[in-house]
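# Observations on chain architecture
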Amino acid sequence: MDDNDQVIFYPNQGVDPHNRCCGGSMWCIQDICGIICAIFTWLLILYAEFVVTFVTLLPCPYPIFQCVNMVIFQIFAFLAMASHLRTMFTDPGAVPKGNATKEMIHHLGLREGQVIYKCPKCCCIKPSRAHHCSVCQRCIRKMDHHCPWVNNCVGEKNQKFFVLFTLYIAAMSMHALYLCVSQFVWCLHSEWKQCSWYTPPATVVFLIFLGFEALLFAIFTMVMFATQLQAICSDETGIEQLKKEEARWMKKSKWKSLQAVFGRVSITWLSPFSRPAPKIKVDNYLQV
């Protein structure tokens, strides 16, 4: 556990109950709307699992087609779910709440002429490029936006996982759409009772709902994926672009910006189980 992952304690209050669970060991936003959206996301993934597995692939009489597509779809589904959970339960870069004390400000050792900004809502020393989230009730470093589908902010420390979530959901959706079309074509050219374990009306309903879900989420997540990559490469968060904030920081190149989010180029770029080591400096808490 690095310094930025430590549990934040408050005098006479213990662990902040609003964004920690499991005794303070896990980041979790206790927002009912976000929790409902997250559960709905899991249900949609499970529905896709059910239809792809029991309606399209298991009844298929072609073993190679069945096995290859089953492995591909399960890999996409597993990585999508893992990315979602990592985005949801990872601290996005919350600034310690209530740290704008005289002792802390003195400890920073400010040079003459340096100015610090205090967030009036969470009483923290507000770093450059941090924004306050009304749902998380914290200032988040490099906050891009608050996403109810992952019940968390997308910020400095979990943006990689959110990008991977959109990527794998898009890939999963496109693959499910392909399997739906293949199943319809197969059923139209054969007996409906032979191409599915379910009645023809039930099979049609299952495939139509999955096709609609897959098409909708493929479009939505591909747009989100492209938007996130554009924001990363331009070294501007979604909020900074929306507010048209003047860049007071030294912008990194596209390549350096990608490495700041995903780490050094390797296969781990595609893994939701690894993240680049945080590089937080004291200067992040200051603005000149």
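Keep in mind it's a predicted model, so treat the numbers as computed, not measured.

On to the side chain of Asp91, then. Within the secondary structure, Asp91 is located in the loop between α2 (63-88) and α3 (102-107). Judged by its relative accessible area of 7%, Asp91 is buried. A polar side-chain atom of Asp91 sits 2.9 Å from the main-chain amide nitrogen of Gly93. A polar contact is formed between the side chain of Asp91 and the backbone nitrogen of Ala94, at a distance of 2.8 Å.

Of all hydrophobic cores here, the largest spans 30 residues; its most connected members are Val52, Phe162, Ile169, Met172 and Leu210. At the level of elements, α1 (32-57), α2, α4 (159-188) and α6 (200-233) are the ones that each hand at least two residues to this core. Residue contributions to this core peak at 9 residues, all from α4. Filtering out sequence-adjacent residues up to four positions away, Ile169 remains in contact with Ile45, Ala80, Phe217 and Thr221. Within the second largest apolar cluster, 9 residues are counted, among which are Cys133, Cys136, Cys153 and Ile239.

So, on to the UniProt feature "transmembrane region" (unreviewed entry) in the protein chain. The positions UniProt marks with the feature "transmembrane region" (unreviewed entry) are residues 35-57, 63-82, 161-186 and 206-226. Here residues 63-82 is 100% helix and 0% strand, with 28 Å between the C-alpha atoms at its ends. In residues 161-186, helix accounts for 100% and strand for 0%; the two terminal C-alpha atoms are 37 Å from one another.

A rise of 1.5 Å per residue sets the reference length of α6, with its 34 residues, at 50 Å; its end C-alpha atoms lie 48 Å apart and thus fit the reference within 8%. Looking one or two residues beyond α6, the residue adopting positive phi is Asp235, at roughly 55°.

A contiguous nonpolar surface patch, about 440 Å² in accessible area, is contributed by Ile35, Ile39, Phe40, Leu43 and Leu46. Its place among the elements puts Leu46 in helix α1.

Looking at chain direction, strand β7 (residues 130-133) and strand β8 (residues 138-141) are connected through 4 bridges and run antiparallel. In the strand pairing of β8, Ala130 is matched with Arg141. Turn length for the β7-β8 hairpin, with the two strands adjacent in sequence and antiparallel, is 4 residues, and the turn residue Gln137 shows positive phi of about 55°.

Quick look at the environment of Cys124 now. With respect to the element layout, Cys124 can be found in the loop between β5 (117-118) and β6 (125-126). On the basis of relative accessible area, Cys124 is assigned to the buried category, the value being 0%. Put simply, Cys124 and Gly98 are 26 residues apart on the chain and 4.8 Å apart in space, counted from C-alpha to C-alpha.

The subject of this paragraph is the packing of α1 against α4. In the contact formed by α1 and α4, the axes pass within 11 Å of each other and the chain directions differ by 30°. α1 and α4 meet at a crossing whose hand is left-handed. Contacts between α1 and α4 pair Thr41, Ile45, Ala48, Val52, Val55, Thr56 and Leu57 from the former with Phe165, Ile169, Met172, Ala176, Leu179 and Gln183 from the latter. Broken down by class, the residue content of the contact of α1 with α4 amounts to 10 nonpolar, 3 polar and no charged.

On average, residues of the protein chain score 83 in pLDDT, and 82% of them reach the 70 mark or higher. Mean pLDDT across the elements of the protein chain ranges from a minimum in strand β1 (residues 9-10), with 36, to a maximum in α2, with 96. Below a pLDDT of 50 lies the segment residues 1-15, which in the model reaches 28 contacts outside its immediate sequence neighbourhood of four places, other chains included. Low pLDDT, under 50, characterises residues 280-288; the predicted model gives this stretch 29 contacts beyond four residues in sequence or across chains.

Evaluation of the coordinates by the stated rule reveals 4 salt bridges. Asp235 is the partner of Arg129 in a salt bridge, and the nearest nitrogen-oxygen pair spans 3.2 Å. Remark: Asp235 occurs in the loop between α6 and α7 (238-243) and Arg129 occurs in the loop between β6 and β7; sequence separation between them is 106 residues. Here Lys252 and Asp235 are joined by a salt bridge, their closest N and O atoms 3.9 Å apart.

Okay, unusual backbone geometry next. Here the phi dihedral of Arg129 falls at roughly 70°; this positive angle occurs in a residue that is not glycine. The residue Asn151 is not glycine, and still its phi comes out positive at about 50°. Residue placement: Asn151 occurs in the loop between β9 (145-147) and β10 (152-154).

Calculation criteria
- Residues numbered from 1 in each chain as written.
- Predicted model: local features only at pLDDT ≥ 70, side-chain atom pairs only at ≥ 80, totals over all residues.
- Heavy atoms only, no water.
- Helix = DSSP H or I, 4+ residues; strand = E, 2+ residues; numbered from the N terminus.
- Buried < 20%, exposed > 50% of the residue type's maximum accessible area, 1.4 Å probe, protein only.
- Polar contact = N/O pair within 3.5 Å; in protein donor to acceptor, adjacent residues only side chain to side chain.
- Core = buried A, V, L, I, M, F, W, Y, C linked by side-chain atoms within 4.5 Å.
- Contact = heavy atoms within 4.5 Å.
- UniProt positions renumbered as here; feature names shortened; annotations may be inferred.
- Expected span 1.5 Å × (residues − 1).
- Patch = residues over 30% accessible without salt bridge, like charges linked within 9 Å, V, L, I, M, F, W, Y side chains within 5 Å.
- Areas by Shrake-Rupley, 256 points an atom, 1.4 Å probe, with all protein chains shown as cover.
- Salt bridge = Lys/Arg side-chain N within 4 Å of Asp/Glu carboxyl O.
- Pairing = 2+ DSSP bridges.
- Axes fitted to C-alpha atoms, helices over the stretch in contact; angles between N-to-C directions.
- Left-handed = near helix turned anticlockwise from the far one by under 90°.
- Nonpolar A, V, L, I, M, F, W, Y, C, P; charged D, E, K, R; others polar.
- pLDDT = per-residue confidence, 0-100.

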